[in-house]
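Understanding the architecture of this molecule
Here is what each chain is made of, one letter per residue.
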Amino acid sequence: MKPRRATPAPDRWPLPALVLWLAAWAGFAALRVGLQRPVAEAFGIAALLAMLWAVRHGGTPMRRMVMALGFPLSWVLAAGVLPLPPAWVWALLLLAALALYPWRAWRDAPLYPTPPGALDGLREAIWLPPRACILDAGCGLGDGLLALERAYPDARLTGIERAWVLRLLAGVRCPAAQVRHGDFWAADWSAYDMVYLFQRPETMPRAAAKALAELKPGAWLVSLEFDVPGWTPAVCWRCPDGRPVWGYAMPPEPAAGSPIGG
């Protein structure tokens, strides 16, 4: 029986953060104007409730921090506690942020570089033939490509990065790899013997679905730190710093009592 395809969980980030910030401002206005509470009290209650909600429902530590600090920082700026920079400074910061982290990439992982030497010794755990094709999906500044080159020096490496600034820097840092600008979710993975990811937990079901649909039998989906829910790894290898590397040979085995994508 053909295993079921994993169903990606919906991810609307950064919409939850925007909704929480608006809700905090609405609560502050209701306390201040409707209930005539002092400014400090209204701010404290709204900020505390927003922080509690962010800690409980924010997801990853980075998201919790962004959600928790959004309202307090915006209130401090709006209240004039800190002087506002000129408009052109905000415009430059926005352009820099979009260049480094385009809007469509917000659902993927932030810039999480693979530590130097993190994959040293991986070849002993996951053997690939000479001249194997390896994709670093979302290669960022190229740290993953450099680690893969150390682990598989005779492999043909490809990196795909959505942010054009990072793509250019990765190309300079990794001259032995073919680094392309693009969306690795839209790219065809069928030609690769291994796809390497350093994403985040929320995107792993989507990566699993794509690997299941496109990777050929015997190819590998390899993830640093985050596993695929419902799949049994063929290899669970430890980096020199102790973090796990999860390796899934296609087609994957379901975890006990859990069908693929279940």
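Details of the structure are given in the entry above.
What comes next concerns the included structure. From a predicted model like this one, the values you see are computed outputs, not experimental measurements.

**So, the nonpolar core**
Of all hydrophobic cores here, the largest spans 54 residues; its most connected members are Y152, W189, M194, V195 and L221. Among the secondary structure elements, those contributing two or more residues to this core are strand 1 (133-137), helix 6 (143-151), strand 2 (156-161), strand 4 (194-197), helix 8 (204-214), strand 5 (220-224), strand 7 (235-238) and strand 8 (244-249). When residues in this core are grouped by element, the largest group, five residues, is from helix 8. With near-sequence residues (within four places) excluded, M194 lies in contact with I126, L128, C133, I134, L135, L148, Y152, W220 and V222. Membership of the second largest hydrophobic core comes to 16 residues, among which are L20, A47, F71 and V76.

**Observations regarding the pairing of strand 8**
Taking burial as the measure, the six residues of strand 8 include five buried ones, the bulk of the element. Pairing analysis gives four bridges linking strand 7 to strand 8, with the strands arranged antiparallel. The partner of R238 across the bridge, within strand 8, is P244.

**Concerning the sheet that holds strand 1**
Ordered in space as 3-2-1-4-5-8-7, the seven strands form an open sheet in which the pairing is mixed. Each of the sheet's edge strands pairs with one partner strand only, and the pair in question is strand 3 (178-181) and strand 7. For this sheet, the mean angle separating the axes of adjacent strands, direction not counted, is 20 degrees. Contacts between helix 7 (residues 164-173) and the sheet are confined to strand 2 and strand 3, with strand 3 contributing the most and set at about 170 degrees to the helix. Each of strand 4 and strand 5 is contacted by helix 8, which is oriented at about 165 degrees to strand 5, the strand it contacts most.

**Considerations on the environment of R200**
Its place among the elements puts R200 in the loop between strand 4 and helix 8. According to the relative accessible area criterion, R200 is buried, its value standing at 3%. Side chain to side chain, R200 and E202 meet in a polar contact 3.0 Å long.

**Side note on the pairing of strand 3**
Where a strand is regular, its side chains alternate between the two sheet faces. Sheet topology places strand 2 next to strand 3; four bridges connect them, and they run parallel. Within strand 3, the position partnered with T158 by the bridge is Q178. What joins strand 2 to strand 3 is helix 7, and the crossover it makes is right-handed.

Rules of the game
- Residues numbered from 1 in each chain as written.
- Predicted model: local features only at pLDDT ≥ 70, side-chain atom pairs only at ≥ 80, totals over all residues.
- Heavy atoms only, no water.
- Core = buried A, V, L, I, M, F, W, Y, C linked by side-chain atoms within 4.5 Å.
- Buried < 20%, exposed > 50% of the residue type's maximum accessible area, 1.4 Å probe, protein only.
- Helix = DSSP H or I, 4+ residues; strand = E, 2+ residues; numbered from the N terminus.
- Contact = heavy atoms within 4.5 Å.
- Pairing = 2+ DSSP bridges.
- Axes fitted to C-alpha atoms, helices over the stretch in contact; angles between N-to-C directions.
- Polar contact = N/O pair within 3.5 Å; in protein donor to acceptor, adjacent residues only side chain to side chain.
- Right-handed = clockwise from strand over helix to strand, strands pointing away.

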